[in-house]
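Below, each chain spelled out in residue letters.
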Amino acid sequence: MNDVSGTAMSAGARARLIGAGYAAQGLGYATVVTALPEFKDRQGIDDTFVSAILLLVCVAAAGGSVLADRIAARWGSRYALASGLLIVGLGLAGTTFRSPNAVFAAILLAYGVGLGAVDASLSMQGVLVQARLGRSVMSRLFAAYTAAAIVAALLMSAVLAGGVGAAVAVAVAALFAIVVGLVGWRLFEPGRTLRSAVAHAGGGRGVRRVVVVCGMLIFTAFLVDSAVSTWSSVYLKDSLAAAASVAPLGYAAYQGAVLVSRLVADHMTPRAGRVPLAIGSLVVCGVGCGLVVVLPAVGAAVTGFAIAGVGVGVLVPLAFSAAGEAALASSDEVIAKVNLFNYGGALGGAVLIGALSEPIGLRWAFLIPVVAVIATLPLARRLANLTVTAPTVDKAPA
């Protein structure tokens, strides 16, 4: 890895700056999704239009992940992350005023490209700085994302209660993303990794194995995440007749559990090991969603969503860390490919469960994540056999 930054900065300080990037991503995404009701009213659009746009945003984000891989290969992942954050910030800013629906859709699609580029390059940067530090920090970086998402929800609630409009909260997120992107242009981790074809002599099969194993862990984690995020409130309100004030508690409990698990997972990884943690996280996800199915009661459902959050909170950073370390010489490329599984899982959790809600009901539709967990468990055991390449990143003092 060649350090071309020309700026003296410790790995610990870079880790904190990358954490700010995670926070910018969480803040931006949460403000967008919580602003959707106001966007609908302002733009005069219906649920069908919103669903179509969200689907296209996911597709655009997948394209953004591929774009981040190309930028990282040519110039380094710090430029992929910085430019992605600038696109996210400008996209968020563009949503703060009324525009023709075609223009509004184009702005959200541009935001989706930035979203995907940031998703991929954040994990690239996290793996590189983690290798420099010589200790696990990925879970805490993801915790910054979760904490910022919670802050965004509270900020949105406050601005709407004050009658100033969702645009204010979105503008705050836009400004934060732009500032972090501008600062990070020079100060994000400057390391670059080789392409897998160069880094691994005859190792294409090994790289594919890393992508499939870690990618399926990401797919399952985001399927659970999307299922709970999209349908928990609807299930509590429509299927279990919970009060309107109670319905959001399932999602709140889930996000709180995700945050707590991410704050402690970095300390657990060296003690327990990746394979036991991956298997345990999958089992916890399955138990949480299974509880929702087995006990159709408000308290049990909220508890189940929280239990699932513990598993998801550990599994996502663990899978990205495992992918990066198993193919450290080409981690930028490998992580970009693993990140694509994110969008398949997110669409599966949102769309498949929604499609099954009419014929079988939301309660039984939550069996889908349980089935995914069971199918993924054998792959988690393969984490122990993934090829670990010789590091190309020199450790630097924190």
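What you see is a predicted model, and the numbers here were worked out from it, not measured in a lab.

Okay, the packing of helix α1 (residues 11–43) against helix α3 (residues 77–94) next. Where α1 contacts α3, the axes come no closer than 11 Å and their chain directions differ by 25°. Classed by the angle they form, the pair α1 and α3 counts as roughly parallel. Where α1 crosses over α3, the handedness of that crossing is left-handed. Together, Gly 21, Ala 24, Gln 25, Gly 28, Thr 31 and Val 32 of α1 and Leu 85, Val 88 and Leu 92 of α3 make up the contact between the two elements. Taken together, the residues of the contact of α1 with α3 sort by class into 5 nonpolar, 4 polar and no charged.

Residues Phe 305 and Leu 383 are the most contacted members of the largest nonpolar core, which totals 119 residues. Per-element accounting of this core gives the leading share, 15 residues, to helix α8 (residues 204–239). The residues contacting Leu 383, other than those within four sequence positions of it, are Val 213, Cys 214, Leu 217, Arg 274, Val 275, Ala 278, Leu 318 and Ala 322.

Okay, the packing of helix α5 (residues 138–161) against helix α6 (residues 166–187) next. Helix-helix packing is described using two parameters, namely the angle between the two axes and the distance between the axes. Two numbers describe how α5 lies on α6: the axes approach to 8 Å, and their chain directions differ by 145°. Crossing of α5 against α6: the hand is right-handed. For the pair formed by α5 and α6, the contact residues are Leu 155, Met 156, Val 159 and Leu 160 on the first element and Ala 166, Val 168, Ala 169, Val 170 and Val 172 on the second.

With that settled, consider the state of the cysteines. Here, disulfide denotes a covalent bond that connects the sulfur atoms of two cysteines. Under the defined criterion, the tally for this structure stands at 0 disulfides. Free of any disulfide, Cys 58 has its nearest cysteine sulfur in Cys 289, 19 Å distant. Among the cysteines around Cys 289, which has no disulfide bond, Cys 285 carries the closest sulfur, lying 6.9 Å off.

Residue placement: Ala 323 occurs in helix α11 (residues 298–326). C-alpha separation for the pair Ala 323 and Val 127, spaced 196 residues apart in sequence, amounts to 9.0 Å. Apart from residues no more than four positions distant in its own chain, Ala 323 is found in contact with Val 210, Cys 214, Val 334 and Val 338.

Rules of the game
- Residues numbered from 1 in each chain as written.
- Predicted model: local features only at pLDDT ≥ 70, side-chain atom pairs only at ≥ 80, totals over all residues.
- Heavy atoms only, no water.
- Axes fitted to C-alpha atoms, helices over the stretch in contact; angles between N-to-C directions.
- Helix = DSSP H or I, 4+ residues; strand = E, 2+ residues; numbered from the N terminus.
- Parallel < 35°, antiparallel > 145°, perpendicular 65-115°, else oblique.
- Left-handed = near helix turned anticlockwise from the far one by under 90°.
- Contact = heavy atoms within 4.5 Å.
- Nonpolar A, V, L, I, M, F, W, Y, C, P; charged D, E, K, R; others polar.
- Core = buried A, V, L, I, M, F, W, Y, C linked by side-chain atoms within 4.5 Å.
- Buried < 20%, exposed > 50% of the residue type's maximum accessible area, 1.4 Å probe, protein only.
- Disulfide = S-S within 2.5 Å.

Just geometry here; none of it tells us what the structure is for.
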